[in-house]
Amino acid sequence: MSEPIRRISDDAAAALSSDAHTRFIQENLRRVFLLIYRIVGNIDDAQDLTQETFIKALQNRSQLKELDKAGHWLSRIASNTAIDFLRRSRRAAYGDVAELAGPVAVAPGDSPEQALLRGERKIHLDGGLATLTERERTALVLRDVEDMPASEVARVMNCSMATVRSHIANARVKFRRYLETRKY
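(A) Fine view of the overall build of the protein chain. A count of helices and strands for the protein chain gives 9 helices and 0 strands. Reading the helices (α) and strands (β) of the protein chain from amino to carboxyl end gives α-α-α-α-α-α-α-α-α. Residues counted as buried form 43% of the 184 residues belonging to the protein chain. Long-range pairs, those at least 24 residues apart, make up 69% of the contacts in the protein chain between residues at least 6 apart in sequence. Accessible area of the protein chain: about 9,900 Å², with a carbon and sulfur share of 52%.

Here it is, written out as structure tokens:
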């Protein structure tokens, strides 16, 4: 587990006494952190927002009706927390890519070559996401990474389905162009 994620895990787990809460955090921590990071683009902010997400989720766990929808419910809390943060701060910085590409990019059992390729893909992904507007990036991450239906993305982003489809289409075109310029 990387240091940014470990810090979140330790801080959030220390605030909880229940094994179930700790297990819930451990099972969802990496996914939530990466979702938020892809939206805000800054490791420190993503760490803080991830912790805030879990605090909100655990404080409002009575709202969760079906346990099998916990991942989707948590993703909505995470994306709304990140969007609210961006609205408040009006910034998104992608200067911490090298730090994130380190330990997070290495999977257990990867050869050095696989780790290098994974790190390069991560840098390309972050570079492509950095070319998008805040709303395009949010729509694309929620739709294509989190696999949310477009109707749910529209509800999370508080806009129409047509607007979401437009953001996603624009984001995909920009992302494709970015990747084409990176090919050797």
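(B) Spatial organisation of the confidence of the model for the protein chain. On average, residues of the protein chain carry a pLDDT of 76, and 75% of them reach 70 or more. The least confident element of the protein chain is helix α5 (residues 97–101), whose mean pLDDT is 35; the most confident is helix α3 (residues 43–59), at 89. Segment residues 13–17: pLDDT under 50, and 5 contacts once partners within four positions in sequence are set aside and those in other chains are kept. Contacts for the low-pLDDT stretch residues 91–106, under 50 throughout, to residues beyond four places or in other chains number 45 contacts.

(C) Spatial organisation of the side chain of Thr138. Mapped onto the elements, Thr138 comes out in helix α7 (residues 134–145). Leaving out residues up to four positions away in the same chain, Thr138 has contacts with Ile39, Ile83 and Met157.

(D) The arrangement of the pattern of salt bridges in detail. Applying the stated criterion across every chain, the model contains 6 salt bridges. A salt bridge links Glu152 to Arg76, with the shortest nitrogen-to-oxygen separation between them at 2.8 Å. Here Glu152, found in helix α8 (residues 150–157), pairs with Arg76, found in helix α4 (residues 70–89); they are 76 residues apart in sequence, far enough to count as distant. The exposure class of Arg76 is partly exposed, given its relative accessible area of 24%. Linking Asp147 and Arg143 is a salt bridge whose minimum nitrogen-to-oxygen distance equals 3.8 Å. A relative accessible area of 59% means that Asp147 is categorised as exposed. If you follow the salt bridges from partner to partner, you end up with Arg76, Glu152 and Arg155 in one network.

(E) Structural view of unusual backbone geometry. Even without being glycine, Asn158 reaches a positive phi, approximately 60°. Inspection of the secondary structure puts Asn158 in the loop between α8 and α9 (161–182).

(F) Highlighting α3. Helix length check: α3, at 17 residues, gives a terminal C-alpha distance of 24 Å against a target of 24 Å (1.5 Å per residue), a fit within 8%. Within α3, the full set of buried residues consists of Ile43, Asp45, Ala46, Gln47, Leu49, Thr50, Thr53, Phe54, Ala57 and Leu58.

(G) Layout of helix α2 (residues 19–40). For α2, spanning 22 residues, the distance from its first C-alpha to its last is 30 Å, which sits close to the expected 32 Å at 1.5 Å a residue. Remark: the principal bend of α2, roughly 50°, maps to Asn28. One or two steps after α2, the chain reaches Gly41, where phi turns positive at roughly 75°.

(H) Quick peek at the packing of aromatic side chains. Scanning the entire structure with this criterion turns up 1 aromatic pair. When the centroid spacing of 6.4 Å and the interplanar angle of 15° are considered together, the rings of Phe33 and Tyr37 count as stacked. Taken together, the residues Phe33 and Tyr37, both in helix α2 and 4 residues apart, mark about one turn of the helix. With relative accessibility at 1%, the residue Tyr37 sits in the buried group.

What counts as what
Residues numbered from 1 in each chain as written. Predicted model: local features only at pLDDT ≥ 70, side-chain atom pairs only at ≥ 80, totals over all residues. Heavy atoms only, no water. Helix = DSSP H or I, 4+ residues; strand = E, 2+ residues; numbered from the N terminus. Buried < 20%, exposed > 50% of the residue type's maximum accessible area, 1.4 Å probe, protein only. Contact = heavy atoms within 4.5 Å. Areas by Shrake-Rupley, 256 points an atom, 1.4 Å probe, with all protein chains shown as cover. pLDDT = per-residue confidence, 0-100. Salt bridge = Lys/Arg side-chain N within 4 Å of Asp/Glu carboxyl O. Expected span 1.5 Å × (residues − 1). Bend = angle between axes of the 7 residues up to and from the residue. Phe/Tyr/Trp six-rings, centres within 6.5 Å; stacked < 30°, edge-to-face > 60°.

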